[in-house]
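# Breakdown of the fold
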Amino acid sequence: MVGLLAFYFLIWCVCAIMYRYKRVFSIGTKAITTYNPNTHEVTNQWCYNEFVGIAPSPKASNEFIITMKKGRKTQQMTFSTEFRPEVLTRTLMFSPLFCEQPRNETDKRFDAAKFHWDEAKVKVLLVVRRYCVSQVDITGHTLTDYKYKDIEYMAKVADHPGAFVVAAGGFGRLHMFLTEQRDDVMKAIILASRSNIGYDIAVHRDLITQHDFLERRLGKYSDDDSITSLTEFKVQKHTPRYLEPAPRILALSENCIIERDPSTYIVVTIRPLSEVFALIRYTNDPQRFSIEYVNGIVRKYSATERDALLCSILDGVRASGNRDVCVKMTRTNRGQRLGPLHLPVEEEVESQYLKYLVNTPPSVQFHEAVEKFNSNVAYSGLNHAVSSEGIFSENKEKLINGSLTALLMKEGDQSSLPNDRLEEQFHALRRLVASKAGYEAFTSLTNFREIVGKKVVRALRRKDDGISHASVDFLCALMQPMHDTTT
């Protein structure tokens, strides 16, 4: 058995078909690994140099098949998951490392031009890969990938010969390209998506015009309410597209985060506040911050008024109804989460990581158990915090109280604990007290108020803005119930 790899960036629970047993399916930088979901022991691992491929199963819409080498022969295994397009996409991102490359399935390249947000036509290369169509500049640098699973539809443009649009992003955001090989490009995208991801991309029969494109470029957020700024900040955007940071106006509307070009005030890009997952406030640079979105995209910026900007974004996101956002010192570790960010994890996953806080496995350090818990439980609290009826049902209230006690008993030396780990502890406490049982523990658990009070006072004495915010945000959850008070 090959040793465990350095890290994994995305994990899904899947179920093997032959014997119908559950497995954690991990996509790493060097190998595919499956784990027992109860013990987290490695059950199988295939380095990419012995991994032949992955493909959708023709038998069912939620099944996929992996093929790997075993000596001189090949072996196949079938799995089932509701996240099949995402599993296939993430795995195929490492397809250049596979031990075999499919015959007659090399990347197809087409000369094209991108109709830019400032209405300029920029020469690009469209590369149709196994999991996405890439937009590549004239130097060979990949500007962006349009993953097939994220493409909602394509349509031809009536008044521009060779032009077509790609709608992607989950809200109909339009991207327009011009090429002499329009039909070939669209056909190649459709075939690659169907054969590799098992996803059929729709092509609208009705043609659109350039005027339609300009009016609907921002998809469902093209209306005035979505693009009218309520507050604005000058920022520098850090992106591989440019050698130097690009100046932008970062604005908030009622329901969106908007990037504008400061010289023309044209909207460069827009994203709904409901899709913000976390705000990263870096401690090593007083101006740097990032915005994490539920689709995995991370946008990096710097601003002289960083903290005022982050406060505005946090208020705007929560006012829009998104209660799951929080401010953190470090990026989210995707390798700790059992599923995609845009969907809550299953009840058994929540229960498992609650138990990890109480009885931490020997192979896991306590701070790692806290990180795993935070990565899998929404900041607004547990989705399954009430005991269900049944003989074998768990007592969730007892489990939550036990986790709260464990967090306070195993908190470590508060004077020497690193800031990021102390922040993780407050975030875990906040997630727990957001439930009814956790909220009631403030008065029902012995010495809970005294221990929490001392913990917060010691945290505030650090005079670190990030720690102060995490501790005060935790206290706010105790002052105002986060759970449904009608039940």
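Residues numbered from 1 in each chain as written. Predicted model: local features only at pLDDT ≥ 70, side-chain atom pairs only at ≥ 80, totals over all residues. Heavy atoms only, no water.

The name that an unreviewed UniProt entry assigns to the protein chain is DnaJ homolog subfamily C member 13, with the source organism given as Geodia barretti.

## Notes on the sheet that holds strand E17 (residues 246–252)
Where strands meet in a sheet, backbone hydrogen bonds hold them as pairs that are either parallel or antiparallel. Ordered in space as E19-E18-E17-E16-E22-E21-E20-E23, the eight strands form an open sheet in which the pairing is mixed. Only two strands of the sheet have a single neighbouring strand rather than two, namely strand E19 (267–272) and strand E23 (327–328). (Pairing = 2+ DSSP bridges. Helix = DSSP H or I, 4+ residues; strand = E, 2+ residues; numbered from the N terminus.)

## Regarding the packing of aromatic side chains
Taken as a whole and assessed by the stated rule, the structure comprises 15 aromatic pairs. With centroids separated by 5.1 Å and ring planes inclined at 65 degrees, the aromatic side chains of Phe51 and Phe98 adopt a geometry described as edge-to-face. One end of the pair, Phe51, is in strand E5 (residues 51–56); the other, Phe98, is in the loop between helix H1 (84–92) and strand E8 (108–115), with 47 residues separating them in the sequence. Phe51 gets classed as buried once you look at its relative accessible area, which sits at 0%. Phe98 sits in the buried class, given a relative accessible area of 5%. Where Tyr353 meets Tyr356, the ring centres are 5.3 Å apart and the plane angle is 80 degrees; that geometry is what we call edge-to-face. Here Tyr353 and its partner Tyr356 are both found in helix H6 (residues 347–358), three residues apart, which amounts to about one turn of the helix. Across this residue pair, the class does not change: Tyr353 and Tyr356 are buried. Cation over ring: Arg271 sits above Tyr293, and NZ or CZ is 5.2 Å from the ring centre. (Phe/Tyr/Trp six-rings, centres within 6.5 Å; stacked < 30°, edge-to-face > 60°. Buried < 20%, exposed > 50% of the residue type's maximum accessible area, 1.4 Å probe, protein only. Lys NZ or Arg CZ within 6 Å of the ring centre and 35° of its normal.)

## Examining the side chain of Thr269
On the secondary structure map, Thr269 appears in strand E19. On the accessibility criterion, Thr269 (18% relative accessible area) is buried. Excluding residues within four positions of it along the chain, Thr269 makes contact with Arg173, Ile257, Ile258 and Glu259. (Contact = heavy atoms within 4.5 Å.)

## Observations regarding unusual backbone geometry
One non-glycine residue, Tyr265, lies in the positive phi region at around 65 degrees. Relative to the helices and strands, Tyr265 is located in the loop between strand E18 (256–260) and E19. The class for Tyr265 is partly exposed, based on a relative accessible area of 38%. The residue Asn447 is not glycine, and still its phi comes out positive at about 65 degrees. Note that Asn447 resides in the loop between helix H10 (436–444) and helix H11 (448–460). Given the relative accessible area of 47%, Asn447 is considered partly exposed.

## What about the packing of helix H7 (residues 366–376) against helix H9 (residues 419–433)?
In contact at an axis separation of 9 Å, H7 and H9 are set at 50 degrees when each is read in the N-to-C sense. Our classification of the angle between H7 and H9 gives oblique. Classified by chirality, the crossing of H9 by H7 is left-handed. Facing His367, Val370, Glu371, Phe373 and Asn374 of H7, the residues of H9 in contact are Arg421, Glu424, Gln425, His427, Ala428, Arg431 and Leu432. (Axes fitted to C-alpha atoms, helices over the stretch in contact; angles between N-to-C directions. Parallel < 35°, antiparallel > 145°, perpendicular 65-115°, else oblique. Left-handed = near helix turned anticlockwise from the far one by under 90°.)

## Comments concerning the environment of Leu354
Secondary-structure assignment places Leu354 in helix H6. According to the relative accessible area criterion, Leu354 is buried, its value standing at 1%. Once the C-alpha coordinates of Leu354 and Leu382 are considered, the two residues, 28 residues apart in sequence, prove to be 9.9 Å apart. Dropping the residues within four chain positions of it, Leu354 is found in contact with Phe373, Leu382, Leu399, Ile400, Ser403 and Leu432.

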